[in-house]
Structure formats: structure tokens, C-alpha cells
Amino acid sequence: LNLWFLRYEDAVGKLLVSSFLALLPSLKLWLHQSHIPLKLVVTVSSCAFSGDVGHVQITGGAGFVGSHLTDKLMMDGHEVTVVDNFFTGRKRNVEHWIGHENFELINHDVVEPLYIEVDQIYHLASPASPPNYMYNPIKTLKTNTIGTLNMLGLAKRVGARLLLASTSEVYGDPEVHPQSEDYWGHVNPIGPRACYDEGKRVAETMCYAYMKQEGVEVRVARIFNTFGPRMHMNDGRVVSNFILQALQGEPLTVYGSGSQTRAFQYVSDLVNGLVALMNSNVSSPVNLGNPEEHTILEFAQLIKNLVGSGSEIQFLSEAQDDPQKRKPDIRKAKMMLAWEPVVPLEEGLNKAIHYFRKELEYQANNQYIPKPKPARIKKGRTRHN
């Protein structure tokens, strides 16, 4: 049973949708107790502004997640302005929209103020993989602090709603498992990952300061590990490293014992969650991730099998401040957004592997073969053989 609510910008529509969502938990319970074999899927594709088409700005919109979000919003009929400085974003990711009357691409660094008229701001700008955000930690801090201040200032001036793409890294190396939104985290404030972890934590603080003091509407998504097409092949993340190494017949490098756990969601699930959160009335932080937990070693074996690779698994020294466990508690997203991941892990991985094969062909034709970036290793730790 699929229920769709589209374009509820009028008062009657808002009342209808909010009333239905309030009854949704009771409806799900009744379906379960009545043993009715229905899977209830509610998709709320809405406008939080007047008019049939709203103007949406996406900072970091040429990046991995941002470009998929751009695709969805363009397909939904919005006017979309992508703002990106192309540090990790790529024009290739959005070039299929160039020339469309509803699309605009601006080469701009959010550390500098931006003056445009928009209705919604998805603030995704920031390097997100450890090698990228550690490459220039001061720049990472500036993007997540000054950049966020600039976007909040823009939201205040034009009356826009802002969604901050925060991260599960605000939980650090958690002492609580799984991690729910009321957990304050366990973060090393001076470690190599701190520029990103603490940058996102202060960005959240800024959002709620602007909400309380200036009345800016904010939404905060704490995003857990995400994968899919348009990932950088050499960005140093687990999925991209393993797929690239397996496709090239190189050893799959596992840092530490491989017992660390992660939970991976496919990018389309995340995009649907971001849109649902933006158009909801939930102003407090919401976890968006897949609660299906796997060890890094299990994940390496799975990718190796899906690729059909004969690569060996090589154990290297543990990366510094690498979280040992990571699993989202998504009960809040289920209850308040009617959202949960739907793409099976193997299905998503096969799509990512297909994309990486095509990318390798493209890079070979352009005489460039990427290599995975190594993690920062803890000093004085022995290697696992």
C-alpha cells in the first residue's frame, strides 16, 4: 500500500498530511496486530513554501550525495541552484542538468558570503572522507564553521529553511551502542579527525543558536556511512577502497583486526531521508542511516565475492581514533518521518561496483588510474599479519 502526498503547500493540505502522520504509528500497529500482509510506504514529497515550484540551494551540490539530491529535486520540478567550489565535487556529476531552465551552477566557496534568493538551503558543503578532510584541517574547520555561519545568515536574510548535513562523527568513538540522537558523543577534540568531528558539532550548535535567537528554521541530519555511484574512487572510504582494490586485483587493506563495525546505506535512501526531513516539522537532530551492522572484515569478504576477485585481505595497523562501533538508532526517523532504508546492501553494492568499473574504463582512457588513499596510522602500534 503506497500513500503519496504531493505539493501540500496550502493550509488544508498541511492539515491533512500532519493529521495522517500523527495517526501513522497507530495505523502501523493495527496492521501488525491484524496480521494484514501490507507493507505501508508513505512518501511525502512536499513544498514548505508557496507556489508550485520552490527555489532550492544545495551547497556541495556537485559532490557525491549533493549530486544525487540535485537529481531528485530537479525531477520533482524545483528550481535548483548548486553551489560548489569543486574541492571534492565534480562538474561531471551535474553536467547533465546544465542548460535546463530550472538549474544553475555557481562556482563559489561558502567561506565567502553568498547573496541569492532561495526558499530552502541544503547545506552539504564539506569534505567528508578522512583523507580529504585531514588534507587541510584548517580549511575543513572554516568550511564547517564560517561556511555554516554564512549559510545561516543567508537563511535569516531571505527567510529560508536550512538543513545541515551533519554526521555520525559527532558521536566520535561511541561508548553507547547503537547511537541515538540524545547521545552526546565521545570525541577526541585534538585528534586528526577533530577538524571534521568538532567542525560538525559546532555547526549544529550554530544552527540551534540561530533558531533560538533569530527564529531561523533549521533541520539537522546526522548522516551515517553512505555509498553509491559518484563516490570518489580514491577518497579513502571503506567501500571505495575495497571495490577499487578488488577490481584491480590488489590486496584489500583492513586497518586493525577488522572487527570494527559499520552500517552502510545506499545513497538513494539517504536522499529520500534528507528531503523528508527538510519538509517535516522535526527541528531536532535525526539519524539517517542503515541499522544493519557488519564488521569491516565481513564487508571486505562480501565485496570480494561480489566482484569475483582473487584479491587477498591484508591487515594493516589500526587507524588513529577509528571508531570501533557504528550503528544508528533510527527509531526517531521511522516514527517522525516514516523513513527507513529500503535498498538491500548487495543490490546497492552491485550498482556501486558497476559504476566503479565504468569509472576505471573512463580513467584508463584518460591515462589516470586512481589509488586508494591510506588511513593515518596510530604511532607505535604493531602490524597485524
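Residues numbered from 1 in each chain as written. Predicted model: local features only at pLDDT ≥ 70, side-chain atom pairs only at ≥ 80, totals over all residues. Heavy atoms only, no water.

Going by this rule: UniProt positions are given in the numbering used here, feature names are shortened, and annotations may be inferred rather than shown by experiment.
If you check an unreviewed UniProt entry, the protein appears there as UDP-glucuronic acid decarboxylase 1 from Ursus americanus. According to its UniProt record, the protein has this under Subcellular location (unreviewed entry): "Golgi apparatus, Golgi stack membrane". Heading Subunit (unreviewed entry) of the UniProt record for the protein holds this comment: "Homodimer and homotetramer. Interacts with AKT1."

### Notes on the sheet that holds strand E3 (residues 55-59)
Within a sheet, adjacent strands bond to each other through the backbone by hydrogen bonds, running parallel or antiparallel. Filter applied, for reference: Here, strands pair whenever DSSP counts at least two bridges between them. Helix and strand definitions here come from DSSP, where helices need a minimum of 4 consecutive H or I residues and strands a minimum of 2 consecutive E residues; each element is numbered from the N-terminal end. Here an axis means a line fitted to C-alpha atoms, over the contact stretch when the element is a helix, while the angle between two N-to-C directions is reported on a 0 to 180 degree scale.
If you trace the seven strands from one edge of the open sheet to the other, you get E5-E4-E3-E6-E7-E8-E13, paired in parallel fashion. Looking at which strands have only one partner, the edges of the open sheet turn out to be strand E5 (103-107) and strand E13 (286-288). Across the sheet, the mean angle separating the axes of adjacent strands is 20 degrees when strand polarity is ignored. By the bridge criterion, four bridges tie E3 to strand E6 (residues 120-123) in an arrangement that is parallel.

### Quick notes on the pairing of E3
Counted only if it meets this: Three exposure classes are used, based on accessible area relative to the maximum for each residue type with a 1.4 Å probe and protein chains only: buried under 20%, partly exposed in between, and exposed over 50%. Orient the strands so they point away from the viewer; a crossover is then right-handed if the path from the first strand over the helix to the second runs clockwise.
The element E3 is extensively covered by neighbouring structure, given that five of its five residues are classed as buried. Of the two faces of E3, the one holding His55, Gln57 and Thr59 and the one holding Val56 and Ile58 are both buried throughout. Relative to strand E4 (residues 79-84), E3 is paired through five bridges, and the arrangement is parallel. Directly across from Ile58, in E4, lies its bridge partner Val82. As for the winding sense of the linkage, the β-α-β connection from E3 through helix H2 (residues 64-75) to E4 is right-handed.

### Some remarks on the pattern of salt bridges
Put simply, the test is: Salt bridge, as applied in this entry: a Lys or Arg side-chain nitrogen positioned within 4 Å of an Asp or Glu carboxyl oxygen.
Under the defined criterion, the tally for this structure stands at 14 salt bridges. The partner of Glu214 in a salt bridge is Lys156, and the shortest N-O contact between them spans 3.3 Å. Of this pair, Glu214 sits in helix H5 (residues 194-214) while Lys156 sits in helix H4 (residues 137-158), and the two are 58 residues apart along the sequence. When its relative accessible area of 43% is taken as the criterion, Lys156 is described as partly exposed. Among the salt bridges present, the one from Glu198 reaches Arg201, with a minimum N-O distance of 3.1 Å. With Glu198 and Arg201 both in helix H5 and three residues apart, the pair spans about one turn of that helix. Since its relative accessible area comes to 24%, Glu198 is described here as partly exposed. Arg201 sits in the partly exposed class, given a relative accessible area of 27%. Through salt bridges with shared partners, one network takes in Arg90, Arg92 and Glu359.

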